[in-house]
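Breakdown of the fold
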Amino acid sequence: MIATLEAGSVAVLTGGARGIGLAIAGVLAAEGVNLACLDQPLADYSAFETLCRAAGVGHRVLPVDVRDREAVFAAVGAASAVGPVRYAVNCAGIDMAGDSATTTADDWNKVMEVDLDGLFYSCQAEYESIRANGGAIVNIASMSGHIINRGLAHAAYCTAKAGVIHLTKALGVEWAAGGVRVNSVSPGYTSTEMTVNNPLELNAMFAEQTPIGRMASVEEIARPVAFLLSSAAAYITATDLTVDGGFTAW
């Protein structure tokens, strides 16, 4: 395998209890990386704990609201009890669909606070540990940060994810001198617990609009994330990798 990760080191995962975050946890655990999962207090962590036990890796569950900067710093600090934190993947995020003309301030602010502010706090909290141990951060953005989705009205989400992409570039440049690489992955339409509940015709439309002709599996997003964390990507920073089946090339 060309891409290598440090077995026995620790990866901090925000939003790691399900969906893409959980798939990333599985890929990293298979490489012998210990895991600290930071997700909302009411999340179901059972699948995360099961995969960690099956892979035989150390793990911690650290419930946290990423909008709370002090709590995020405390949780990342606690993750170091599992081992040296070398990797971080920031997946925590929400969507909020609806007509922009009637979007409330509370709805707009919640998306920004979780998807952008919380991601920034997470990067800040992760920086010192990764700088000390050597490693990388990958932020989960979205192709919605590059384009406006046909048939979907979610301006707050698109705006926040565009911010994630540009924030990643800014941090990747700023922190390169300290040996911390920061990149992002922008998934296209992906089959998750959320999208499987969509109307069948909506998912069929997503697949039809994608050049590859189908939605991605969560594993197809997780593997590129692992690559960007690995030594194979040692000369890559401040870059957004679009994993969208060709959607944004139309």
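Here's what I pulled together on the structure shown here.

About the cut-offs
Residues numbered from 1 in each chain as written. Predicted model: local features only at pLDDT ≥ 70, side-chain atom pairs only at ≥ 80, totals over all residues. Heavy atoms only, no water. Salt bridge = Lys/Arg side-chain N within 4 Å of Asp/Glu carboxyl O. Helix = DSSP H or I, 4+ residues; strand = E, 2+ residues; numbered from the N terminus. Buried < 20%, exposed > 50% of the residue type's maximum accessible area, 1.4 Å probe, protein only. Pairing = 2+ DSSP bridges. Right-handed = clockwise from strand over helix to strand, strands pointing away. Core = buried A, V, L, I, M, F, W, Y, C linked by side-chain atoms within 4.5 Å. Lys, Arg positive; Asp, Glu negative; His and termini not counted. Polar contact = N/O pair within 3.5 Å; in protein donor to acceptor, adjacent residues only side chain to side chain. Contact = heavy atoms within 4.5 Å. Axes fitted to C-alpha atoms, helices over the stretch in contact; angles between N-to-C directions.

To continue, consider the pattern of salt bridges. With the rule as written, the count across this model stands at three salt bridges. Close ionic contact of Glu 128 with Arg 131 constitutes a salt bridge, the shortest N to O distance being 2.9 Å. One end of the pair is Glu 128 and the other is Arg 131, both in helix 4 (residues 105-133) and three residues apart, which spans about a single turn. Salt-bridge contacts for Arg 214 lead to Glu 220; the nearest nitrogen and oxygen are separated by 2.8 Å. Looking at Arg 214, the relative accessible area reads 42%, which means it is partly exposed.

Here we take up the pairing of strand 4 (residues 85-90). Taken across its six residues, strand 4 has five buried, putting it largely inside the fold. When strand 1 (residues 10-14) meets strand 4, the two strands line up parallel, connected through five bridges. In the sheet register, Thr 14 faces strand 4, and the bridge partner there is Asn 90. Pairing of strand 4 with strand 5 (residues 135-140), which is carried by four bridges, proceeds in the parallel orientation. Considered in strand 5, the bridge of Asn 90 is made with Asn 139. Handedness of the crossover joining strand 4 and strand 5 through helix 4 is recorded here as right-handed.

Here we come to the nonpolar core. Most often, soluble globular proteins have nonpolar side chains that are buried together. Formed by 38 residues in total, the largest nonpolar core has its most connected members in Ile 24, Leu 28, Leu 35, Val 89, Val 185, Val 225 and Leu 229. Those elements giving two or more residues to this core turn out to be strand 1, helix 1 (19-30), strand 2 (34-38), helix 2 (46-55), strand 4, strand 5 and helix 7 (218-229). If you tally residues by element for this core, the top one is helix 1, at eight residues. One finds Ala 36, Val 66, Tyr 127 and Ile 165 within the second-largest nonpolar core, a separate group that totals 30 residues.

This part is about the side chain of Asp 39. With respect to the helices, strands and loops of the structure, Asp 39 is situated in the loop between strand 2 and helix 2. Within the buried core, Asp 39 has no salt-bridge partner, and the shortest N-O distance to an opposite charge, that of Arg 18, equals 6.4 Å. Polar side-chain contacts of Asp 39 include one of 3.1 Å to the backbone nitrogen of Ala 17. Apart from the residues within four sequence positions on either side, Asp 39 is in contact with Gly 15, Gly 16, Ala 17, Tyr 45, Leu 62, Pro 63 and Val 64.

The seven strands are arranged 3-2-1-4-5-6-7 in an open sheet whose pairing can be described as parallel. The open sheet has two edge strands, strand 3 (59-61) and strand 7 (240-243), and neither has a second partner. Here the average twist between neighbouring strands, direction ignored, is 15 degrees. Where strand 5 meets strand 6 (residues 180-187), six bridges bridge the pair, whose relative direction is parallel. Its bridge partner lying in strand 6, Ile 137 is registered against Val 182. Packed onto the sheet, helix 1 meets strand 1, strand 2, strand 4, strand 5 and strand 6 and runs at close to 170 degrees relative to strand 1. Together, strand 5, strand 6 and strand 7 form the strand contacts of helix 5 (residues 155-174), whose direction differs from that of strand 6 by roughly 160 degrees.

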